[in-house]
Amino acid sequence: MDNVRVIGGALDPWAELQRYQARGLAEHAGVGATAVFVGSMRDLNEGDAVTAMTLEHYPGMTEKHLAAIIEEAGRRWDLIDCLIVHRVGEILPTDPIVLTAAWSAHRKDAFEACRFLMEELKSRAPFWKKETLADGGERWVEKNTPGY
Amino acid sequence: MDNVRVIGGALDPWAELQRYQARGLAEHAGVGATAVFVGSMRDLNEGDAVTAMTLEHYPGMTEKHLAAIIEEAGRRWDLIDCLIVHRVGEILPTDPIVLTAAWSAHRKDAFEACRFLMEELKSRAPFWKKETLADGGERWVEKNTPGY
Amino acid sequence: MSLTVRFFASLRERLERDEVVLAPGDAATVGEAWACATGGEAMPANVLAAVNQDYAAPDQPLKDGDEVAFFPPVTGG
Amino acid sequence: MSLTVRFFASLRERLERDEVVLAPGDAATVGEAWACATGGEAMPANVLAAVNQDYAAPDQPLKDGDEVAFFPPVTGG
């Protein structure tokens with residue numbers, strides 16, 4: 001389950017991809033297409049200025065469901081590999097929060113699988129966001145925005 | 001037109017993204033979504049082993065049309081920035097050939113724009129591939145595979 | 001043995017409880033585990049439940065040793 | 001002044017020409033520039049044309065100083 005990581009510290013998506021590809025993908029001459037998504041923290045949500053965020057997860061269940069999402073993508077598309085990295089804990093605006101990536105021979109498969117990983121993660125993986133507002137108040141985010 | 005580059009040497013997509021984002025995007029707290037595509041050279045095309053490739057372009061017209069594609073994406077989706085980098089010249093299997101990226105507040109816009117950049121590039125930007133086969137023979141690629 | 005009931009995120013904060021341990025006889029289903037661990041509160045329609053880290057419906061039967069979790073809609077990514 | 005006609009990729013190789021300079025009177029349209037620069041060959045249906053780096057149809061009129069380009073379907077990315 002090296003292709004699923006929940007991390008407590010900073011997420012550098014490009015360094016993460018370079019490291020992950022170095023395990024054989026960079027030399028894999030069957031890879032024609034790599035699709036990547038990075039979600040970052042904005043300083044605005046539902047019209048309010050947000051100064052910080054805490055991301056909670058359910059250790060064990062989160063990783064299990066991220067792995068299941070990757071497995072499902074592998075059944076639906078022709079993929080060589082996938083990666084999901086998600087950050088938890090204290091987060092500030094501009095910080096990358098999540099990285100999803102799909103490697104395939106063909107771009108259609110890579111594009112669609114990468115987007116699927118992200119949408120499934122947002123609807124099924126147990127993570128919760130609590131925002132700190134500019135006035136110091138806190139609130140739990142109650143639902144995600146639609147992605148299609 | 002810094003967001004369009006046609007380069008003769010190696011393309012390192014992750015270093016390219018890091019460099020490009022360092023011009024302000026990394027600190028832009030309105031960016032919630034970054035979608036990226038990387039196309040790489042495979043060692044197989046239409047069932048034949050391919051050992052090398054030469055990519056030709058039409059200097060001037062290529063850059064002009066890549067810029068027009070980015071402009072069109074900006075009219076169709078809510079975007080903060082886009083980047084297209086394409087390699088030309090001699091290329092070997094596993095080498096990255098093309099990078100498209102779209103930055104937006106929202107993931108739907110980033111995903112769709114990134115894919116649009118790639119599909120439009122493949123149908124409109126004047127690049128041509130000539131393959132060297134395992135037996136030493138050469139052939140021009142005559143058409144691209146469908147992407148949707 | 002026993003049943004462990006866990007609460008996450010806004011539910012954990014509102015109910016002021018993180019983990020409750022029940023005797024297996026206390027709750028035969030997910031819904032009964034909710035009622036027992038919250039002191040009889042009705043289960044809100046948008047609360048999600050998991051048994052042993054898989055999503056579960058309120059009528060799912062429980063067995064000794066199960067871990068039951070309750071949480072609000074997920075908002076990661 | 002004059003018209004410059006350029007060929008790219010497999011067309012350049014097959015026709016064994018890279019650039020041909022025509023007198024403006026030689027070709028009033030893109031199609032005529034093709035005929036003149038190839039020595040009267042019929043223009044294949046899949047050949048693409050550009051005038052001053054924008055895609056153009058065979059009947060597009062030309063003016064002095066134009067750069068006309070012919071090339072096969074594009075295959076980048």
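Refer to the preceding data block for the structure.
So, the packing of helix H2 (residues 61-76) of chain B against helix H3 (residues 107-124) of chain B
Residues and elements named next belong to chain B. Running from N to C, H2 and H3 cross one another at 145°; their axes reach a closest spacing of 10 Å. In the crossing of H2 with H3, the sense of the turn from one axis to the other is right-handed. Facing H2, whose interface residues are His65, Leu66, Ala68, Ile69, Ile70, Glu72, Ala73 and Arg76, H3 presents Phe116, Leu117, Glu120, Leu121 and Arg124. Counted by class, the contact of H2 with H3 contains eight nonpolar, one polar and four charged residues.

Side note on the nonpolar core
Residues A:Leu66 and B:Leu66 are the most contacted members of the largest nonpolar core, which totals 66 residues. Counting residues in each nonpolar core, the second largest holds 28 residues, with A:Leu25, A:Val36, B:Ile7 and B:Val38 among its members.

Describing the environment of B:Trp77
Residues and elements named next belong to chain B. Its location among the elements puts Trp77 in the loop between H2 and strand S5 (81-87). Each C-alpha atom of the pair Trp77 and His28 lies 18 Å from the other, and the pair is 49 residues apart in sequence. Those residues in contact with Trp77 that lie beyond four places of it in its chain are Asp109, Glu112, Ala113 and Phe116.

With respect to the relation of the copies chain B and chain A
Expressed as a screw operation, the relation of chain B to chain A combines 0.0 Å of axial shift with a rotation of 180°, fitting to an RMSD of 0.0 Å. Read as a symmetry element, the transformation amounts to a two-fold axis.

Points about the interface of chain B and chain A
Note: interface size is frequently given as the accessible area lost on complex formation between the parts. The interface is formed by 40 residues belonging to chain B together with 40 residues belonging to chain A. Buried surface at the junction of chain B and chain A, both sides included, amounts to about 3,200 Å², of which 56% is carbon and sulfur. It is B:Trp14, B:Arg107 and B:Phe111 that lose the most area in chain B upon contact with chain A, and together they represent 27% of the buried surface on that side. For the interface between chain B and chain A, the tally reads four salt bridges. A salt bridge links A:Arg107 to B:Glu119, with the nearest nitrogen and oxygen atoms 2.8 Å apart. Our enumeration of links across chain B and chain A arrives at 13 residue pairs in polar contact (both at pLDDT 80 or more). For the side of chain B that touches chain A, the elements supplying multiple residues, two or more each, are helix H1 (13-21), strand S2 (33-40) and H3 of chain B. Broken down by element, the side of chain B that touches chain A gets its largest block of residues, nine residues, from H3(B). A per-class count over the side of chain B that touches chain A returns 18 nonpolar, 12 polar and 10 charged.

Focus: the sheet that holds strand S7 (residues 96-104) of chain B
Strands sit in the order S1(A)-S5(A)-S7(A)-S2(A)-S2(B)-S7(B)-S5(B)-S1(B) across an open sheet of eight strands; the sheet is mixed. Two strands lie at the open edges of the sheet, namely strand S1 (4-7) of chain A together with strand S1 (4-7) of chain B, each paired on one side alone. The sheet shows a mean angle of 10° between the axes of neighbouring strands, direction not considered. Pairing geometry for S1(B) and S5(B), over four bridges, is parallel. Considered in S5(B), the bridge of B:Val6 is made with B:His86. H3(B) rests against strand S2 (33-40) of chain A together with S2, S5 and S7 of chain B of the sheet, and its axis sits at about 145° to S7(B).

Description of the environment of B:Trp103
All names here are of chain B. As for its placement among the helices and strands, Trp103 is situated in strand S7. It is 35 Å that separates the C-alpha atoms of Trp103 and Thr51, two residues lying 52 residues apart in sequence. Excluding anything up to four places from it in sequence, Trp103 contacts Leu17, Tyr20, Gln21, Leu25, Val31, Ala33, Thr34, Leu79, Ile80, Asp81, Cys82 and Leu83. Within polar-contact distance, the side chain of Trp103 engages the side chain of Gln21 at 2.8 Å. Within the local environment of Trp103, its side chain forms a polar contact with the side chain of Thr34, the two groups lying 3.4 Å apart.

Definitions and cut-offs
In every chain, residue numbers begin from 1 and rise along the written sequence. The order in which chains are written sets their letters, starting at A; the order in which ligands are written sets their numbers, starting at 1. Predicted model: local features are reported for residues with pLDDT of at least 70 only, side-chain atom pairs are reported and counted for 80 or more only, and whole-chain, interface and lining totals are derived from all residues. To obtain the side-chain values, all non-hydrogen atoms of the structure were used and water was disregarded. Structural elements are reduced to axes, namely lines fitted to C-alpha atoms, with helices fitted over the stretch in contact, and the angle between N-to-C directions of any two is expressed from 0 to 180 degrees. Helix and strand labels come from DSSP, where a helix needs a run of H or I of at least four residues and a strand needs a run of E of at least two; each type is numbered from the N terminus. For a crossing to be left-handed, the near helix must be turned anticlockwise from the far one by less than a right angle; the clockwise case is right-handed. Two residues qualify as a contact provided that any one of their heavy atoms is within 4.5 Å of a heavy atom in the partner residue. Gly is put with the polar residues, along with every residue not named as nonpolar or charged; the nonpolar set is Ala, Val, Leu, Ile, Met, Phe, Trp, Tyr, Cys and Pro, and the charged set is Asp, Glu, Lys and Arg. Take the buried residues of types Ala, Val, Leu, Ile, Met, Phe, Trp, Tyr and Cys, join any two whose side-chain atoms come within 4.5 Å, and each joined set is a nonpolar core. Here's how the labels work: a residue is buried when its accessible area is under 20% of the maximum for its type, exposed when over 50%, partly exposed in between, all with a 1.4 Å probe on protein chains only. We place the copies in one frame by least squares, fitting the C-alpha atoms of every residue whose pLDDT is at least 70 in both. By definition, the buried area sums, over both parts, the 1.4 Å-probe accessible area that each loses when the two are put together. By definition, a salt bridge exists where a carboxyl oxygen of Asp or Glu is found within 4 Å of a side-chain nitrogen of Lys or Arg. N or O atoms closer than or at 3.5 Å make up a polar contact, with two conditions inside protein: a donor-capable atom paired with an acceptor-capable one, and, for residues adjacent in sequence, both atoms drawn from side chains. Criterion used throughout: strands pair if DSSP finds at least two bridges between them.

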